[in-house]
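# Structural characterization, general
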Amino acid sequence: MTLNQIVKGQIARITNISGEDAISIRLMEMGLIDGERIQLLGKAPLGDPLEFAIRGYRLSLRLNEARCVEVELV
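So, here is what we can say about the structure in this document. (Residues numbered from 1 in each chain as written. Predicted model: local features only at pLDDT ≥ 70, side-chain atom pairs only at ≥ 80, totals over all residues. Heavy atoms only, no water.)

### Details of the overall build of the protein chain
Helices and strands together make up the secondary structure of the protein chain, namely two helices and five strands. Relative to its length of 74 residues, the protein chain is compact, with a C-alpha radius of gyration of 11 Å against a globular reference of 11 Å. Projecting the C-alpha coordinates of the protein chain onto the three principal axes gives extents of approximately 30 × 25 × 25 Å. Of all 74 residues assigned to the protein chain, the portion counted as buried reaches 34%. Here the contacts in the protein chain between residues at least 6 apart in sequence split such that 59% fall between residues at least 24 apart. (Helix = DSSP H or I, 4+ residues; strand = E, 2+ residues; numbered from the N terminus. Rg over C-alpha atoms; globule rule 2.2 N^0.38 Å. Buried < 20%, exposed > 50% of the residue type's maximum accessible area, 1.4 Å probe, protein only. Contact = heavy atoms within 4.5 Å.)

Pasting the structure below:
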């Protein structure tokens, strides 16, 4: 399952960041690393971007960025 597939309010644990491109590296620099818990807070009216809570702050990600993050539900 990837981060873009969870529904509002669900909490998931990050299991992997796929790829080795600039987007993947940027995601890891923002704190999206294996084992971190992340919650979907909401979506923009057209579904992109998505807003998440992680490490005590809020983070907005585009759908293509969220697809790079593999998660498991907690």
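From this point, the discussion proceeds with the structure in view.
### Observations regarding a nonpolar patch on the surface
Nonpolar side chains collect at one region of the surface, where Ile-25, Met-28 and Ile-33 lie side by side and expose about 240 Å² of accessible area between them. The residue Met-28 is located in helix α1 (residues 22-29) in this model. (Patch = residues over 30% accessible without salt bridge, like charges linked within 9 Å, V, L, I, M, F, W, Y side chains within 5 Å. Areas by Shrake-Rupley, 256 points an atom, 1.4 Å probe, with all protein chains shown as cover. Salt bridge = Lys/Arg side-chain N within 4 Å of Asp/Glu carboxyl O.)

### Overview of the environment of Ile-6
Inspection of the secondary structure assignment puts Ile-6 in the segment before β1 (11-17). Judged by its relative accessible area of 1%, Ile-6 is buried. When the C-alpha positions of Ile-6 and Val-71 are compared, they lie 8.9 Å apart, and in sequence the two are 65 residues distant. Apart from residues lying up to four places away in sequence, Ile-6 is in contact with Met-1, Ala-12, Leu-40, Phe-52, Val-71 and Leu-73.

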